[in-house]
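Reading the structure
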Amino acid sequence: MDFFDGAYLLVIMMIGVYIPRLLPMGLLAKRNISKNFQIWLSFIPVAILSALLAPEIFMKNGELFLAKENLFLMAFAPVLLVAYFTKNLFATLLVGMILVAGMRYFQIFV
């Protein structure tokens, strides 16, 4: 792949990434959006995050894995409590990383 092929590929990827972002803004910019639709849109980030995290927490090799050997599942409850009570993303990530690293280092639930 030479420079021009790479530049062409980069431009195509940029277009492919930004069209889905700009199209809704262009279509909805001058319209009044109902309150119910705004409320529905507010749930999209939560739904996407849940769809990304749930398979990592509850599945292994494409199958449901609800055993005590599932480190991510064992760390999930304390991390969920930290997230609920602190509402702090940094604290939540830090507790999750410390729990998983600690369980791996001390071979707890392994």
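How each quantity is defined
Residues numbered from 1 in each chain as written. Predicted model: local features only at pLDDT ≥ 70, side-chain atom pairs only at ≥ 80, totals over all residues. Heavy atoms only, no water. Helix = DSSP H or I, 4+ residues; strand = E, 2+ residues; numbered from the N terminus. Rg over C-alpha atoms; globule rule 2.2 N^0.38 Å. Buried < 20%, exposed > 50% of the residue type's maximum accessible area, 1.4 Å probe, protein only. Contact = heavy atoms within 4.5 Å. Areas by Shrake-Rupley, 256 points an atom, 1.4 Å probe, with all protein chains shown as cover. Phe/Tyr/Trp six-rings, centres within 6.5 Å; stacked < 30°, edge-to-face > 60°. Lys NZ or Arg CZ within 6 Å of the ring centre and 35° of its normal. Axes fitted to C-alpha atoms, helices over the stretch in contact; angles between N-to-C directions. Parallel < 35°, antiparallel > 145°, perpendicular 65-115°, else oblique. Left-handed = near helix turned anticlockwise from the far one by under 90°. Nonpolar A, V, L, I, M, F, W, Y, C, P; charged D, E, K, R; others polar. Expected span 1.5 Å × (residues − 1). Bend = angle between axes of the 7 residues up to and from the residue. Polar contact = N/O pair within 3.5 Å; in protein donor to acceptor, adjacent residues only side chain to side chain.

**Things to note about the overall build of the protein**
The number of helices and strands found in the protein is five helices and two strands. Helices (α) and strands (β) of the protein occur, in sequence order from the N terminus, as α-α-α-β-β-α-α. Compactness check: the protein gives a C-alpha radius of gyration of 21 Å against a globular reference of 13 Å for 110 residues, more than 25% above the reference. For the protein, the C-alpha atoms occupy an extent of roughly 50 × 50 × 30 Å along the three principal directions. Here the protein holds 110 residues, and the buried ones make up 10% of them. Contacts spanning at least 24 positions in sequence make up 33% of the contacts within the protein whose residues lie at least 6 apart. When the accessible surface of the protein is split by element, carbon and sulfur atoms take 73% of a total near 9,600 Å².

**Quick word on the packing of aromatic side chains**
With the rule as written, the count across this model stands at five aromatic pairs. Relative to Phe 76, the ring of Phe 58 lies with its centre 5.9 Å away and its plane at 70°, an arrangement referred to as edge-to-face. Taken together, the positions of Phe 58 in helix α3 (residues 44-58) and Phe 76 in helix α4 (residues 71-86) put the pair 18 residues apart, joining distant regions of the chain. Phe 58 sits in the partly exposed class, given a relative accessible area of 28%. Across from the ring centre of Phe 65, 5.1 Å away, lies the NZ or CZ of Lys 60, which sits over that ring.

**Digging into the environment of Lys 68**
Checked against the element boundaries, Lys 68 lands in the loop between β2 (63-64) and α4. Ignoring anything within four residues of it in the chain, the contact list for Lys 68 reads Met 74 and Phe 109.

**Here's the deal with the packing of α4 against helix α5 (residues 89-105)**
Relative orientation of the contacting elements α4 and α5 amounts to 155°, with a least axis distance of 9 Å. It follows that α4 is roughly antiparallel to α5 by the angle criterion. Along this stretch, α4 crosses α5, giving a crossing that reads as right-handed. Across the interface between the two elements, Leu 71, Phe 72, Met 74, Ala 75, Pro 78, Val 79, Val 82, Ala 83 and Thr 86 of α4 pack against Ala 91, Thr 92, Val 95, Gly 96, Leu 99, Val 100, Met 103 and Arg 104 of α5. The class makeup of the residues in the contact of α4 with α5 is 13 nonpolar, three polar and one charged.

**Concerning α4**
An ideal rise of 1.5 Å per residue puts 22 Å on 16 residues; α4 measures up with 22 Å between its terminal C-alpha atoms. Along α4, the sharpest change in direction is near 30° and occurs at Ala 77; proline Pro 78 comes one to four residues later. Residues of α4 that are buried include every one of Leu 71, Leu 73, Ala 75 and Val 79, and no others. Those residues of α4 hidden inside the fold are in contact with α3 and α5.

**Focus: the side chain of Asn 70**
Counting through the fold element by element, Asn 70 comes out in the loop between β2 and α4. A relative accessible area of 4% places Asn 70 in the buried class. Side-chain polar atoms of Asn 70 contact the backbone oxygen of Phe 65, separated by 2.8 Å. With sequence-adjacent residues up to four places away left out, Asn 70 is seen in contact with Ile 57, Phe 58 and Phe 65.

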